[in-house]
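# Report on the structure
Residues per chain are reported as follows:
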Amino acid sequence: QKMPPSLPATINIREPRWDQSTFQGRAKHFFMVTDPRNLLLSGATLEEARRVVEDYRAGTIQPGLTEDQLWRAKYIYDSAFHPDTGEKMILVGRMSAQVPMNMTITGCMLTFYRTTPAVLFWQWVNQSFNAIVNYTNRSGDAPITPSQLGTAYVSATTGAVVTALGLKSLTKHLPAIIGRYVPFAAVAAANCINIPLMRQRELKLGIPVTDENGNRLGESTAAAQKAIFQVVVSRIGMAAPAMAIPPVIMNMLEKRAFLKRYPYLNAPLQVGLVGLCLVFATPLCCALFPQKSSMSVSSLEPEVQDQIRKKDPCLETVYFNKGL
């Protein structure tokens, strides 16, 4: 039996499979990264993927390994291990958990928005989940202290709850459909608080910037600001379809006899509609900006510019992992 040709050692698996300079390439990449089926993979499968990837990076190619198998291993590895630290990420904090977790939480936030205790509870659950996701997918390898983690968590939860309750009281005399959008406004406000606070260490100390080949050139706070802004925009965009489309559909359905006859179907229907939106919104909004983001050297802080110019006077662009 003829052996398949040996795989070349020149495939760059440090980068995604598809061209990340185009939205389509980034979308294909994130459909793989956010695939919820990755959550079902066993620890042994994850470790095998890690071994294939690390061996290949070190120049050791397993006999019979095909290019498709290599890319599959790379995407399994990326779904479970942090790109900067290499540590295994918390299960619910992984991007592959975004759709099932957000589908449940958002569906319940949109269903149980009428009473104050329900608003408080679901905003708290949502911010607890967001805190885990933001910590798990932070950029760089800088540790975050328990006190910073606690401050970010409490501030974001308070911000979300205050926004939700404040808007809820303002919409009492407005049409019912307006009240359904209160959870989205609260989530958008909380994202603007939670993400910068959860990544405050990056804003103070900077995130690693590299050249095109991944050689570390220093840490930049300007890059951290750009990275965090992009993530905030992506997260709000991710929540928008799931929190904007189902309320319109549910508002119409609740006026029909069907839901009046079977009111217990309200929550499952809402969760299903949110899930349908998130399956597409999550990868497409992650793809709004490249994961390996870039900025010109002249946009960095003066001291970082000097540091880079000493190493490479001709360098014009630096790269950084924006986080998710």
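Residues numbered from 1 in each chain as written. Predicted model: local features only at pLDDT ≥ 70, side-chain atom pairs only at ≥ 80, totals over all residues. Heavy atoms only, no water.

### Some thoughts on the pattern of salt bridges
The following threshold applies: Take a side-chain nitrogen of Lys or Arg and a carboxyl oxygen of Asp or Glu: if they are within 4 Å of each other, that pair is a salt bridge. Numbering of helices and strands runs from the N terminus, with a helix taken as a DSSP run of H or I at least four residues long and a strand as a DSSP run of E at least two residues long. Relative accessibility under 20% of the residue-type maximum defines a buried residue, over 50% an exposed one, and the middle range a partly exposed one, all with a 1.4 Å probe and only protein chains included.
One pass over the structure, following the stated rule, counts 10 salt bridges. Notably, a salt bridge pairs R17 with D68, separated by 2.8 Å at the nearest N-O pair. You can see R17 sitting in the segment before α1 (23-33) and its partner D68 sitting in helix α3 (residues 67-80), a full 51 residues away along the chain. Overall, the relative accessible area of 35% leaves R17 in the partly exposed class. Classification of D68 as exposed rests on a relative accessible area of 51%. Note that R51 and D55 form a salt bridge whose closest N and O atoms lie 3.9 Å from each other. Linking R51 with D55, this pair stays in helix α2 (residues 43-57), spanning 4 residues, or about one helical turn.

### Remarks on the domain arrangement of the protein chain
Definition in use: As used throughout, domain bounds are those supplied by an automatic or database domain assignment. What gets called buried area is simply the loss in accessible area from a 1.4 Å probe that two parts show on being joined, summed for both. Lys, Arg, Asp and Glu make up the charged group, whereas Ala, Val, Leu, Ile, Met, Phe, Trp, Tyr, Cys and Pro make up the nonpolar group; the residues left over, Gly among them, are polar.
Looking at the protein chain, the domain boundaries give domain 1 (23-88) and domain 2 (95-321). Between the C-alpha centres of domain 1 and domain 2 the distance comes to 25 Å. Here domain 1 meets domain 2 over a buried area of about 1,600 Å², counting both sides, of which 67% is carbon and sulfur. Remark: the boundary between domain 1 and domain 2 carries 0 salt bridges. In terms of residues, the side of domain 1 that touches domain 2 owes the most to one element, α1, which gives 6 residues. Partitioned by chemical class, the residues of the side of domain 1 that touches domain 2 number 8 nonpolar, 5 polar and 4 charged.

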